[in-house]
Structures are given as structure tokens and as C-alpha cells.
Amino acid sequence: MTHKPKLGIQGPVVAWQDSWAGDASERIMRTGTGSICPSQDRKPEPDEFLHALRELKADFYVHHVIPEMKGYSELLADIAGAGLDICLGNEYGNINGPWTEGTNRYDVPDEAIVQAASSGRCIGLLYDEPEHLQINAGQYRHDGWFPHWGSTDDMNLVESRSKVERSVLSRVQHVHSVLEQTGSPRTSMPLIAEHVFPTMFHTFARAGMDICPKIMKESFQSLQLSTALGAAKQYDKALWICADLWGPDTGRWFTRFQGFPGHSPQEFESALRMGYLMGPSHLFVENIDVLFKHTSIGFEATEFGEVWKEFVRKFIPDHTLTWHHSQANPDIAVIHSDDGNYGQNERLFGNRTLADVGGSQSVFHIWHLLSRGTIPAHGSCMHIPGYDFPRHELKREVAYEQFPLEQGYVSSDGRRVHPLFYPVRNVLAFDDQVSAELLGRPKLIMVGGSSLSAETLFVIIKRAEDGGVVVIAEWLLPPDCPEKLRNSGKMGFGRWIVTNDFLDERVKEIVEPFLGEERCWMQRFGTTEVRMYPKDSDGYTLDFEIAAV
């Protein structure tokens, strides 16, 4: 078996006007920064833009749908004529509206979905950061509290999660129904959840969405990917990966805007290889205007564009995949309820009235332990206390009119905060409803979060009896469970460890033999191990080893 992910490029946000919509794209906010950013380069004509996509060897184009829909019909026709697929993104509508009633969410209109499906080339509807906009509902819309999938105030955590799941499922079913009822030649179109935070992957996948983790951005890469891989495997969903060039750092590289790009060309190169080697169904870059400048004589590749071209023209042909993301099979399984907490410890699933976040924080302790202390114990991404992004200095010191910066910007202390490397050994994260078949036979299982289903409790008891080591939070055990489950010790051929603190020295001692090499991050797919090592002292770039086992 060989597998080649579909490769995509997402459209521009600050460099030039949309080739089809023109001025209509200039009249809206194209970034989440809260201001309209005038274009920096002249607008390319459609044929010129399509030629650039072909030069980048794109299989599909991720289009920011402009709510005004100017030039939309021409866009679809031209994309199809060029032999490309298209994915429709909702980011501009999220930022500007119009919003679906009672939410901060923009849904591509039904008639536009039907039209795209009729072109025969639309491969999905991309929902930009839907977990972020459920939790942080005031990010773009400021006239009230309108979470992405509806209000969850005055509900408990289980009810909040269920409300979001039902809302997502309703939208998935609506799109299917629209296509079916209109006699579209395509009666299904996947909805894709593109996440900046490693939370709600499982909830969205259970409701029918495909999964798309952002890499780079402000993520801890191994945590982000292990969680997304687990959700895709558990719910049999496609895994898209977005190599997102927005980020926290500054440096001597071509810079369009504060935080764009917030990663070096060398980090970008490693991240592309890392994402590809996860065996995703689709891999795309956000955004094209870091890869190219549009000049008076046409498109000119930046150092980032050269990295992408080397990746598609040399690295991919030289590294044929014989595995797929669905073949991921863990040595270590993290089981935790999907609680909507990335370290903010409030507004779980957008709920402002929850007084107790309970065991939701325990997952941070688990990842801290499994990463040998490199991932912090108080959150699962860099949007938590303790991180001050160098891009904030760039925002203070350089006015928008001065961009782009050909030679970039080095912060006053020269620091960077976003390495790629965080060592974990073949971990997948599942939610609290995972079955025995999908869990497999991990050697170590860490069970945290705020809740655990009775069915999954039975599964992990059986795994301990068959020889696995299970470390479980005491608060997850039901009040009427047998006394033997409340005590640590041998269980059949394995061990059963009950704790109120995953960072307890006793737990660390038990887990240590399973953690693997200190300077290696490994993910196994079938009989292939993808091993990643820090290429520099701090892990901003990676070396890779592919091994058959």
C-alpha cells in the first residue's frame, strides 16, 4: 500500500485582493486582529493565481468565502477548469458576519454549497477554529455572548458537551439533507473542524466532522497530533493537517504582518515533513501570501515558498508513504473526557456559569508526565500563563504601513518561544467512550478528565487483567464499585494504580519505564515507526528516522 496526502494552499489574507472578488475582499477584515488591513501587493488575475497554485503542485485550493459572494460562480468555474479541487472556509464570515442566529458562526449559504457541489470539485467545508470560538465567544462578535454552536450557560459539563455535539450533528445532517433534496450529483460533503487548541476533537468527530489540527501556530506539537490522531481513529474520520504559518515568534525572515509568519523557514520545513509523515488525508498551508510576493513582473517565491517547493518536488517523491493515519496504534493511551479546557480553566464548552472545572485539569498533568516535563502542567497550548510572545513587541514597534518586512524583525532580546520538539512515546488520546477494539492493546493507559463511561471502565479493567498497566484518577471510580478497584496493586497479569495526583512520585516511578528515549518523539503506524529528534539544541527543527518494526 502507498498513500499520498492531498496537498492544498489556503488563499491570501493581507498581501493582495482575492483574484475573483477584488475590492469586496478589501472591504472586510481578513484577519482576526480587529482591523481592516489594506493589501500590500497588486491583485493577481485569476489565471495568474491558478498558475501559481499549479507551480506549488497544489491538489486543492482552500478558499476564504467572502460573504458578499462576489465572483463566486467564476471562482468555481475557474478552479474546476484548472483541474483543482476546492475547500470552502468560513473564517471571513466568522470575523465579519453574517452570523447564524444565536451564534458567532458563519455558515456558507445552502445555495452556495449546492453550487459548489455541482462543480464536482468541492471536497469540504472548513470550519475555522470552531473550538476556540465556542470557548471564547467574544473573539469576533462583540454584541453579546454567542458561542459558535450555541449557548451552554446554566448547564453542567456533560450537558454542555452534549449540547455542542447535537448542534454540530445538526449542521452535518443539514448539509447532507440540502445536497440530497436538491438532487446534487454529490450528496455528501465533509465538514472539517480546524483546531488551534487540542480540545473538542473527539466531540466534533463523534458528531460527524473530519478533524484538522493546526501545526506550528502556538501548539505543543506531539500533544496536538496525538490527540487529533486518537479522535480520527476512534471515530473513523479523515485527518486533515493545516501547517499554519501564523505564530508567536519573530526573526530574520520575510514578514507580512505581526505573527505572520511567526515561525522560521527552517521550522516550516520540519513541520511540513512532520505533518506529512503522520499520514494525513489532506495537508495544506495557511497562507499563500507568505509563500509568494506578487510583483510587477508576477509571482516571486519567498524563502518559505522555496521550502514548500522543495517539499513537494523532492521530499515527498523521495519519501513515499506506506502507511496511513488510521493505522496509528498506541503503546501509551491517554483516556480522558473531552472537557473543553486547554488551560483557561473557565468557559468550558463556552459555559460561563460552571463553578468547578473539576478533573478537567488532570489531563495537563498527564501530558506533563508523558513528555518528561517538557509540556507544562497547567495547559495544553501556549495561550496559558507563562508565555509572552515576541510578536507582541513587533506589534508595538512596527506600524502596519511598514509591512512587509523583507528582512523580518528580531525582538530586543532575540528570543523565540515555539520549538517543535516535545518527546512522547507513541501516544494516542481517546475520549471516555472508547471501545476495546479501538483502544487496542497499549502497554500503559492513563485515565483522567472529569468523567468516564461505565463501558470504558470495563474495557480498561480488562486491559489491566490482560497485562497492561492502568493509572486512573480515583474520582472517576463510581461510588458503588468493588473495593478492589479502589486500591492499587496487581490486577490479573497487569497492574491497577489509583491516584489523586498524576504527578505523585509513585506514579512517576511506575510510568518511567514506558516513556522511551529522552530525545525522541515516536509515533507508530502499523509496522512503521516515525521517530523524530531535535535537530538543534532547543528542538525548533527536527531530524526524522523511519523504521520498520
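For the structure, see preceding data.
Below you will find a few notes about this structure.

Thresholds applied
- Residues numbered from 1 in each chain as written.
- Predicted model: local features only at pLDDT ≥ 70, side-chain atom pairs only at ≥ 80, totals over all residues.
- Heavy atoms only, no water.
- Helix = DSSP H or I, 4+ residues; strand = E, 2+ residues; numbered from the N terminus.
- Rg over C-alpha atoms; globule rule 2.2 N^0.38 Å.
- Buried < 20%, exposed > 50% of the residue type's maximum accessible area, 1.4 Å probe, protein only.
- Contact = heavy atoms within 4.5 Å.
- Areas by Shrake-Rupley, 256 points an atom, 1.4 Å probe, with all protein chains shown as cover.
- Lys, Arg positive; Asp, Glu negative; His and termini not counted.
- Charge placed at Lys NZ, Arg CZ, Asp CG, Glu CD.
- Pairing = 2+ DSSP bridges.
- Right-handed = clockwise from strand over helix to strand, strands pointing away.
- 1 Å grid on protein atoms, 1.4 Å probe; cavity = no way out; pocket = protein on both sides within 12 Å on 5 of 7 lines; lining within 4 Å.
- Points joined across faces, edges and corners; volume = space filled by probe spheres on them.
- Nonpolar A, V, L, I, M, F, W, Y, C, P; charged D, E, K, R; others polar.
- Axes fitted to C-alpha atoms, helices over the stretch in contact; angles between N-to-C directions.
- Salt bridge = Lys/Arg side-chain N within 4 Å of Asp/Glu carboxyl O.

## Let's talk about the overall build of the protein
Moving on, step 1. Along the protein, the regular secondary structure elements total 17 helices and 19 strands.
Moving on, step 2. The C-alpha atoms of the protein give 23 Å as radius of gyration, which agrees with the globular expectation for 549 residues (24 Å, within 12%).
Moving on, step 3. Each principal axis of the C-alpha atoms in the protein carries an extent, and together these give about 75 × 50 × 50 Å.
Moving on, step 4. Looking at the protein residue by residue over its 549 residues, the buried ones come to 63%.
Moving on, step 5. Within the protein, residue pairs in contact and separated by at least 24 positions form 74% of the contacts whose partners lie at least 6 positions apart.
Moving on, step 6. A total of about 19,700 Å² of accessible surface is found on the protein, and carbon and sulfur atoms cover 48% of it.
Moving on, step 7. Across the protein, the centroid of the 52 positively charged side chains sits 4 Å from that of the 74 negatively charged ones.

## Remarks on the pairing of strand 6 (residues 210-216)
Moving on, step 1. Where burial is concerned, most of strand 6 is hidden: seven out of the seven residues are buried.
Moving on, step 2. Inspection of the sheet shows strand 5 (residues 191-195) paired to strand 6 by four bridges, in the parallel sense. Bridge pairing in strand 6 places Ala193 opposite Ile211.
Moving on, step 3. Taking the sense of rotation as the criterion, the β-α-β connection linking strand 5, helix 8 (residues 201-206) and strand 6 turns out right-handed.
Moving on, step 4. Strand direction decides the pairing type here: strand 6 and strand 7 (residues 240-244), joined by three bridges, are parallel.

## Comments concerning the layout of surface pockets
Moving on, step 1. Here the largest pocket defines a volume of roughly 650 Å³.
Moving on, step 2. Lining the largest pocket we find 26 residues, and of these Gly32, Thr33, Gln139, Lys217 and Arg391 sit closest to its centre.
Moving on, step 3. It is helix 14 (residues 391-397) that provides the largest number of residues to the lining of the largest pocket, a total of three residues.
Moving on, step 4. Split into classes, the residues belonging to the lining of the largest pocket amount to six nonpolar, nine polar and 11 charged.

## Describing the sheet that holds strand 12 (residues 427-430)
Moving on, step 1. The strand order 12-11-13-14-16-15 describes an open sheet built from six strands, whose pairing is mixed. Only two strands of the sheet have a single partner each, and these edge strands are strand 12 and strand 15 (489-491). Direction aside, neighbouring strands of the sheet carry axes that sit 20° apart on average.
Moving on, step 2. Looking at chain direction, strand 11 (residues 332-336) and strand 13 (residues 444-448) are connected through five bridges and run parallel. In the sheet register, Ile335 faces strand 13, and the bridge partner there is Val447.
Moving on, step 3. Relative to strand 13, helix 13 (residues 362-370) is tilted by about 155°, and along the sheet it contacts strand 11, strand 12 and strand 13.

## Here we look at the pattern of salt bridges
Moving on, step 1. Applying the stated rule across the entire model yields 40 salt bridges.
Moving on, step 2. Note that Glu286 and Lys214 form a salt bridge whose closest N and O atoms lie 3.4 Å from each other. A residue pair is termed long-range when its members are at least 10 positions apart, and Glu286 in strand 8 (residues 282-286) and Lys214 in strand 6 qualify at 72 residues. With respect to burial, Glu286 and Lys214 carry one shared label: buried.

## Let's talk about empty space enclosed by the protein
To find leftover empty space, one rolls a probe the size of a water molecule over the atoms.
Moving on, step 1. All told, the structure shown has three cavities of 30 Å³ or more when counted by the stated rule.
Moving on, step 2. Estimates place the volume of the largest cavity at around 120 Å³.
Moving on, step 3. In this structure, the largest cavity is lined by 15 residues; those nearest its centre are Pro198, Thr199, His336, Asn341 and Val363.
Moving on, step 4. Put simply, the parts of the chain that give the lining of the largest cavity at least two residues each are helix 9 (221-234) and helix 13.
Moving on, step 5. Top contributing element to the lining of the largest cavity by residue count: helix 13, with three residues.
Moving on, step 6. Residue classes in the lining of the largest cavity are distributed as five nonpolar, eight polar and two charged.
Moving on, step 7. Contributing to the lining of the second largest cavity are Gly11, Pro12, Trp16, Gln17, Asp18, Ser25, Arg30, Tyr61, His63, His64, Ile66 and Tyr92.
Moving on, step 8. With three residues, the top contributor of residues to the lining of the second largest cavity is strand 2 (residues 60-64).
Moving on, step 9. Looking at the lining of the second largest cavity, its residues break down into five nonpolar, five polar and two charged.

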